[in-house]
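These are the residues of each chain, in order.
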Amino acid sequence: FLPGETSKTIEMVVVADSTVERDETIVVDLTNIVVTNDSAGIAGPDAVLGDGSGTATISNDDSATLQFTSASLATNEASGPLNFMAELTNPVDVDVMIDFDSSDGSATTVDSDYAAANGTLTFTAGQTGPLSAPVTLHDDNTVELDETLTMALSNLVNQDRNITLGLSNASGQI
């Protein structure tokens, strides 16, 4: 401090990123006051530090959307599973979970067109995917028209992060 100065600004560089996270704080503590009264550095009178602590908050300005990568997909029943893919548009600093559940359209589980699929997709911290919600198809000898089913995402667990659910329903054609 120069003679007569009573405050100083401490500048900190905040590095922007795209990771979705909570607001963060920085604490600066001032200690070890040394007082001099001339340019030669000769010790001067004692000084008293009032509140030597300051806190700054870095507000998170990032968000993410969890969604299917496509609104519809198709495959031949003999080609194997129908893989509904889900993704996060930005990384998140904690694990994010979402449930998936298939439902009948013209394709039905009763007719053994496919096996019902449900479960939870877990995006580990930093992971954006895509992750697969697979539906097992049953290849049969029945001559039939193309059939459809639906896959839905629900119950987003975002741990208080700024994550929204985007395209949450997708159709599959067999």
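One can find the structure itself at the top, above this paragraph.
Described in the following lines is the structure provided in the data block. (Residues numbered from 1 in each chain as written. Predicted model: local features only at pLDDT ≥ 70, side-chain atom pairs only at ≥ 80, totals over all residues. Heavy atoms only, no water.)

**Some words on the sheet that holds strand 7 (residues 118–123)**
Line of reasoning, step 1. Read from one edge of the open sheet, five strands run 4-11-9-6-7, paired in mixed fashion. A strand with exactly one partner marks an edge of an open sheet, and here the two such strands are strand 4 (72–74) and strand 7. The average undirected angle you get between the axes of adjacent strands in this sheet is 25°.
Line of reasoning, step 2. Bridge analysis of strand 6 (residues 96–104) against strand 9 (residues 148–157) gives seven bridges, and the strand direction is antiparallel. Bridging from a neighbouring strand, Ser103 pairs with Thr150 of strand 9. (Pairing = 2+ DSSP bridges. Helix = DSSP H or I, 4+ residues; strand = E, 2+ residues; numbered from the N terminus. Axes fitted to C-alpha atoms, helices over the stretch in contact; angles between N-to-C directions.)

**Thoughts on the packing of aromatic side chains**
The geometry of an aromatic ring pair is captured by the separation of the ring centres together with the interplanar angle, meaning the angle of the planes.
Line of reasoning, step 1. All told, the structure shown has one aromatic pair when counted by the stated rule.
Line of reasoning, step 2. With a centroid separation of 6.0 Å and an interplanar angle of 55°, the aromatic rings of Phe68 and Phe84 are classed as tilted. Here Phe84 lies in strand 5 (residues 82–88) and Phe68 lies in strand 3 (residues 64–68), a separation of 16 residues in the sequence. With respect to burial, Phe68 and Phe84 carry one shared label: buried. (Phe/Tyr/Trp six-rings, centres within 6.5 Å; stacked < 30°, edge-to-face > 60°. Buried < 20%, exposed > 50% of the residue type's maximum accessible area, 1.4 Å probe, protein only.)

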